[in-house]
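# Structural features, examined
The primary structure of each chain is shown beneath.
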Amino acid sequence: MSVPRRRWLALLAALGLAAAGPLAAQPLPTLAAASDLKFAIEEVAARFEKDTGHKLRLVFGSSGSFYSQILQGAPFQMFMSADEDFVFRLHDAGKTLDRGRLYAVGRIGIKVPAGSPLKADGELKDLAAALNDGRLRKFAIASPDHAPYGMRAREALQHAGLWESIRPKLVYGENISQTAQFATSGSTQGGIIALSLALAPQVARLGDFALIPASWHQPLKQRMVLTKDAPPALRAFYDHLSTPPAQEIMKRYGFEMPRD
C-alpha cells in the first residue's frame, strides 16, 4: 500500500468513515458526492440497498476538495461532482475509468431564515436594497474557490451587480451543506444555496426560498464517474442512477435530468 493511501485510510478512520479493526482491510465501497446531493443520494442509496443488498459508504463535501483528494490518492471509488469539469480533469490525470456521465443539472436560489429582514427575492432586488439601507450584515455562499455552487453564486451576484458591494458581508461555507446551515441558523440574514437542499423538509421549514434565474450563471452540469478500481456494488449503483426510480427521486429534489 502506498504511503498516500495509508494516510487517507487513517483519515477516514479518524472521521468514522472507515471500519475499525479487522474490517479495515475491506472497507465498504465509498462514494464521494457533492454536498448538494446529501438528501437525494441518501434516499436513492437507501432504496438501492433495500433492492440489492449492496451497502455503500457515502461521503459528502465540496467537489473541488474531493477532486484534490482523489488526485492525491484518496480511496474513493466513485465521484459525483457538482461541476463536470472536475471529472474531466481527473480523467485527464488518469484517475478514472472514463469521462463519466452527466447525471443532473442543479439550480441555486436565495434562502432567508424565519425572522430575517431580507425577502426571498430571486432577482436579488431586495438584497440590493438591504445593502444600501443597512439591513444586511452577513450573507452566506459556498466558497467559490472549490465549491461549484459557490462559483455559481458569485456569477449570479456579479450578474446582479452586487458582487463588489456584498463581498465584505460574505460568510463562506466549506461546501453548500454548510452554507445552508449558515443561511438558516440565524447567524446570517440569508444565503445562496442549492435548490436540492432547499426542497428537503429539514431545510424547507427553516425559512423562505426563491430560485435565481438560470440565465444568471453558468449551468451546474453535474457529472459522475467511477475510478478504475471501482467494485461491482458501485458499478451497479452508477447504472442504477440512470433508472426511472432513481431519477424520480432526483427530480423530486429539484434536479433536472440530462437529455442525452
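These numbers come from a predicted model, not from an experiment. (Residues numbered from 1 in each chain as written. Predicted model: local features only at pLDDT ≥ 70, side-chain atom pairs only at ≥ 80, totals over all residues. Heavy atoms only, no water.)

Below, the discussion takes up the confidence of the model for the chain. When pLDDT is averaged across the chain, the result is 91; 90% of the residues are at 70 or more. In this model residues 7-25 is a low-confidence stretch, pLDDT under 50, and it forms 19 contacts with partners more than four residues away in sequence or in other chains. (pLDDT = per-residue confidence, 0-100. Contact = heavy atoms within 4.5 Å.)

Before going further, it helps to spend a moment on the packing of helix H2 (residues 38-52) against helix H12 (residues 244-252). Between H2 and H12, the least distance of the axes is 9 Å, while the angle of their chain directions is 155°. Taken together, the axes of H2 and H12 lie roughly antiparallel to each other. In terms of crossing hand, the pair formed by H2 and H12 is right-handed. Seen from H2, the contacting residues are Ala40, Ile41, Glu43, Val44 and Arg47; seen from H12, they are Pro245, Ala246, Ile249, Met250 and Arg252. (Axes fitted to C-alpha atoms, helices over the stretch in contact; angles between N-to-C directions. Helix = DSSP H or I, 4+ residues; strand = E, 2+ residues; numbered from the N terminus. Parallel < 35°, antiparallel > 145°, perpendicular 65-115°, else oblique. Left-handed = near helix turned anticlockwise from the far one by under 90°.)

This brings us to the packing of helix H3 (residues 63-71) against helix H4 (residues 84-92). If you want to describe how two helices pack, look at the angle between their axes and the distance between the axes. Running from N to C, H3 and H4 cross one another at 10°; their axes reach a closest spacing of 10 Å. Overall, the two elements H3 and H4 adopt an arrangement that is roughly parallel. For the pair H3 and H4, the contacting residues are Ser63, Gly64, Tyr67, Ile70 and Leu71 in the first and Phe86, Arg89 and Leu90 in the second. For the contact of H3 with H4, the class distribution of residues is five nonpolar, two polar and one charged. (Nonpolar A, V, L, I, M, F, W, Y, C, P; charged D, E, K, R; others polar.)

Within the span of H3, buried status applies to Ser63, Gly64, Ser65, Phe66, Tyr67 and Ile70. In this structure, the buried side of H3 is in contact with strand E1 (30-34), strand E2 (57-61), strand E3 (78-81), H4 and helix H6 (148-159). One or two positions beyond H3, positive phi appears at Gly73, with a value near 105°. (Buried < 20%, exposed > 50% of the residue type's maximum accessible area, 1.4 Å probe, protein only.)

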